[in-house]
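# A structural walkthrough
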Amino acid sequence: MNSYLKSLIAEGEHVQQDFKFAINDSKKIARSLAAFANTEGGRLLVGVKDNGRIAGVSSDEEFYMIEAAATRYCRPPVPFEPHEHQIEGKTVVEIIVPKSEQKPHKAPSRDGKYKAYVRVEDQNLLANRIMLKVWLREKKSTGTFFQLKEPEQILLTFLNHKDQHITHSKFTKIAGISRKKAEKILVNLIVIGILGIKLTENGAFYFLREESQEEETQNSRQIPERIKSL
């Protein structure tokens, strides 16, 4: 089991793994748990420093703080699976969080307001309004239908350039439409798999998914036909 834990630590912190030296704030931990659940799932290794050094947990109180974070400070509660590992005479707690079908899970921000977080590389970032609407749409049993009109054509043409991406504001400007209409189009295209969304500390960027870009290159009419058929 020590080899298992050491292999995890060797990976470092990433989109599905976070190290916590100690648990002293359930609300802060709730943000990590919610972010994992809202993204691809992941694990917390409690008792491990940011540099990968093993410190061990100081008491059983830390487990109860994790439980409080998951059940009291995550809305809805985030399910998790705890495991204890003994290594170098110390205890490391592994908290496994599965990807959730009930997203968005929200947790208190620093100002106490409940907000949705996602995991981006080794950080927890706030989900934006468009991502929240995508999650809401994905829960609906009805499909997504809309016609490919001029704004959509402008957007897809812009994004079809290699490594091209766009912001909500930029799309609004180049298409000459309202932010509300641009938002609706972006949500629709993300839901049906044409666009992807990348969240960063500097905002959200939208891009043509690779498989869609390949289709567009092979046949410029494929994407319009695909959209019209949905």
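### Topic: the overall build of the protein
- Counting its regular elements, the protein contains 9 helices and 10 strands.
- Looking at the protein as a whole, 44% of its 230 residues qualify as buried.
- Put simply, of all contacts in the protein between residues at least 6 apart along the chain, 62% involve residues at least 24 apart.
- Of the roughly 12800 Å² that the protein leaves accessible, carbon and sulfur atoms contribute 47%.

### Some details on the pairing of strand E10 (residues 203–208)
- One ladder, built from 2 bridges, connects strand E8 (residues 165–166) with E10; its direction is antiparallel. Looking at E10, one finds that His 165 is bridged to Phe 207.
- Alignment of strand E9 (residues 195–200) against E10, held across 6 bridges, turns out to be antiparallel. Along E10, the bridge assignment pairs Leu 195 with Leu 208.
- Count of turn residues in the E9/E10 antiparallel hairpin: 2 residues.

### A few points about the confidence of the model for the protein
- Of all residues in the protein, 87% have pLDDT values of 70 or greater, and the mean over the chain is 88.
- Low confidence marks residues 216–230, where pLDDT is under 50. Its contacts with residues over four positions away, or in another chain, come to 23 contacts.

### Brief notes about helix H1 (residues 2–11)
- Inspection of H1 places Leu 5, Leu 8 and Ile 9 among the buried residues, and these make up the whole buried set. One side of H1 holds all its buried residues, which, seen down the axis, span an arc of 100°. Exposed side of H1, more than 90 degrees from the buried face: Ser 3 and Ala 10 are the residues found there.
- Taken together, the buried residues of H1 touch strand E1 (17–20), strand E2 (42–46), strand E3 (81–87) and strand E4 (90–97).
- A positive phi of about 75° marks Gly 12, the residue just after H1.

### A look at unusual backbone geometry
- Pro 76 follows Arg 75 through a cis peptide bond whose omega is -10°.
- Pro 104 follows Lys 103 through a cis peptide bond whose omega is 15°.
- A positive phi angle, close to 55°, is found at Glu 88, a residue other than glycine.
- With respect to the helices and strands, Glu 88 occurs in the loop between E3 and E4.
- Under the relative-accessibility criterion, Glu 88 is labelled exposed at 55%.

### Notes on the sheet that holds strand E6 (residues 114–120)
- Strand order in the open sheet formed by 3 strands is E5-E6-E7, with antiparallel pairing between adjacent strands. Edge positions in the sheet fall to strand E5 (106–108) and strand E7 (123–126), since each of these pairs with one other strand and no more. On average, each strand axis in the sheet is inclined to that of its neighbour by 60°, with strand direction left out of account.
- In this sheet, E7 lies alongside E6 in antiparallel orientation, the contact comprising 4 bridges. By the bridge assignment for E7, Val 118 is matched with Leu 125.

Reading the values: the criteria
The written sequence of each chain sets the order in which its residues are numbered from 1. In keeping with the predicted nature of the model, local features appear solely for residues at pLDDT of at least 70, side-chain atom pairs appear and are counted solely at 80 or more, and the whole-chain, interface and lining totals rest on all residues. The side-chain quantities take in all heavy atoms of the structure and omit both hydrogens and water. Numbering of helices and strands runs from the N terminus, with a helix taken as a DSSP run of H or I at least four residues long and a strand as a DSSP run of E at least two residues long. Relative accessibility under 20% of the residue-type maximum defines a buried residue, over 50% an exposed one, and the middle range a partly exposed one, all with a 1.4 Å probe and only protein chains included. Contacts are assigned to residue pairs that have any heavy atoms within 4.5 Å of one another. Each accessible area is a Shrake-Rupley result for a 1.4 Å probe, and residues are judged covered by the shown protein chains and nothing else. At least two DSSP bridges between two strands are required for those strands to pair. Each residue carries a pLDDT score, the predictor's confidence in it, ranging from 0 to 100. Relevant arc is that of directions from the helix axis to the C-beta atoms, nothing else. To get an axis, a line is fitted to the C-alpha atoms, and for a helix only the part in contact is used. The angle between two axes follows their N-to-C directions and goes from 0 to 180 degrees.

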